[in-house]
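# Observations on chain architecture
Here is how the chains run, residue by residue.
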Amino acid sequence: MVEYTPFKPYRSVDIDFLRDARKAFTLHEWIDVLLSAMEYDADGFENITQKMEFLTRLLIFVEPRLNVVELAPKGTGKSFVFGNLSKYGWLISGGKVTRAKLFYDKAKQQNGIIKNHDFTAFDEIQTITFQEPAEIQAALKSYLESGKTTIDNNEFSSECGLMLMGNIPLTANRIPINRRYFDSLPQSFQESALLDRFHCFIEGWLLPRINHGIIFKGWTFNVEYFSEILHSLRVQNIYGCLFDELVAHDKDADTRDLKAVKRVAVGYMKLLFPHWTNISDVDKHEFNQYCLQPAIRRRGIIKEQCKLIDDEFKSTMPSIWIK
């Protein structure tokens, strides 16, 4: 072989074109467009709750250093979404995971998975074995908090988000058998100080089981183009600035809670309302209903579950409101 040109049809995307296109859709039409871009038929979902729960999986694609936990029954499409929609993500499905593989390999002097991707998803988390769990846990705590950690005197930093995905047993009515959701995680992750560094929880039991009829068969975004759109939205800082203009909070609010709510809400803005570029564009009712309140609720689930593990944690969220 003397020459090789990689095939990349979309070297760049025009975010302004996306913003202009979004203006032609109602919110519910746009939600259906996003679902079709994920290769699922909107008619296969029973209600807006299921659609929003499913779309929440995309937050980690568009918002840097967003850390998410999803517990769901088998057959709800977790592996497909995180393994096929974006070349900028990495899916770990079972097996042994080392600190060198994740962060930095001292012997090879090369960075690990987290350095080179937008997100890293741990699928079937119950089947993953962590070599030297204490060292990985310490590195994860530091990284999840600040985006930095030190590995063998080498400072490591990244904007990669982490996703924990696992199965959870349900009753006949499709609600969790155990109200302690994190009991479904492996023992190495059942530590409140580690889990408190996650921002968002996805209630996967609300989702429909994937069947042939729910697979989209019409025209929609090319998956390569959609992948580039999601990747490009990560560096759009205007939405964070809009959040700061829109939202107020208790002066003594916990910093982790505020960071978590902001990241989740900003992720929703990027997905659902990319055309909001000025404060005058924002519909405050839609922002509250589809961005702020879901962010508060999803962070609140993390806090409630940490409280069940360690009674020293507070389960109540601080007051956060629209100015």
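In case you missed it, the structure is sitting above this.
Residues numbered from 1 in each chain as written. Predicted model: local features only at pLDDT ≥ 70, side-chain atom pairs only at ≥ 80, totals over all residues. Heavy atoms only, no water.

## A closer look at the nonpolar core
Grouped together as the largest cluster of nonpolar side chains are 64 residues, with contacts concentrated most on Met38, Leu58, Phe61, Phe82, Leu272 and Phe287. When sequence neighbours within four positions are dropped, the list of residues in contact with Leu58 reads Met38, Leu85, Phe226, Leu230 and Leu271. In this structure, Ala139, Tyr181, Phe182 and Cys306 belong to the second largest nonpolar core, which totals 38 residues. (Core = buried A, V, L, I, M, F, W, Y, C linked by side-chain atoms within 4.5 Å. Buried < 20%, exposed > 50% of the residue type's maximum accessible area, 1.4 Å probe, protein only. Contact = heavy atoms within 4.5 Å.)

## Description of the layout of surface pockets
Volume-wise, the largest pocket comes out at about 230 Å³. Along the wall of the largest pocket there are 14 residues; nearest its centre are Asp254, Asp257, Lys303, Lys314 and Thr316. Counting residues per element, the ones that place at least two in the lining of the largest pocket are α11 (255–272) and α12 (284–309). The class makeup of the residues in the lining of the largest pocket is four nonpolar, one polar and nine charged. If you add up the space inside the second largest pocket, you get close to 160 Å³. (1 Å grid on protein atoms, 1.4 Å probe; cavity = no way out; pocket = protein on both sides within 12 Å on 5 of 7 lines; lining within 4 Å. Points joined across faces, edges and corners; volume = space filled by probe spheres on them. Helix = DSSP H or I, 4+ residues; strand = E, 2+ residues; numbered from the N terminus. Nonpolar A, V, L, I, M, F, W, Y, C, P; charged D, E, K, R; others polar.)

## So, the pattern of salt bridges
Within the structure shown, the criterion is met by 21 salt bridges. Glu63 is the salt-bridge partner of Lys270, the closest N and O atoms lying 2.8 Å from each other. Here Lys270 is found in helix α11, whereas its partner Glu63 is found in the loop between α4 (59–62) and β1 (68–72), with 207 residues between them in sequence. With respect to class, Lys270 is no different from Glu63; both count as buried. Note that Asp257 is salt-bridged to Lys303, the shortest N-O span being 2.8 Å. Taken together, the residues Asp257 in helix α11 and Lys303 in helix α12 connect sequence positions 46 residues apart. It is possible to trace a salt-bridge network through shared partners that takes in Glu145, Asp196, Arg197, Arg256, Asp257, Arg299 and Lys303. (Salt bridge = Lys/Arg side-chain N within 4 Å of Asp/Glu carboxyl O.)

## Examining the sheet that holds strand β2 (residues 89–97)
With respect to topology, five strands assemble into an open sheet ordered β2-β5-β8-β1-β9, the strand pairing being parallel. At either end of the open sheet lies a strand with only one pairing partner, and these are β2 and β9 (200–203). Strand-to-strand twist across the sheet, computed as the mean angle between neighbouring axes with direction ignored, equals 20°. Bridging between strand β5 (residues 119–130) and strand β8 (residues 161–167) involves four bridges; their strand directions are parallel. Across the sheet, Ala121 pairs through a bridge with Met163, a residue of β8. (Pairing = 2+ DSSP bridges. Axes fitted to C-alpha atoms, helices over the stretch in contact; angles between N-to-C directions.)

None of the figures reported here should be taken as evidence of function without further support.
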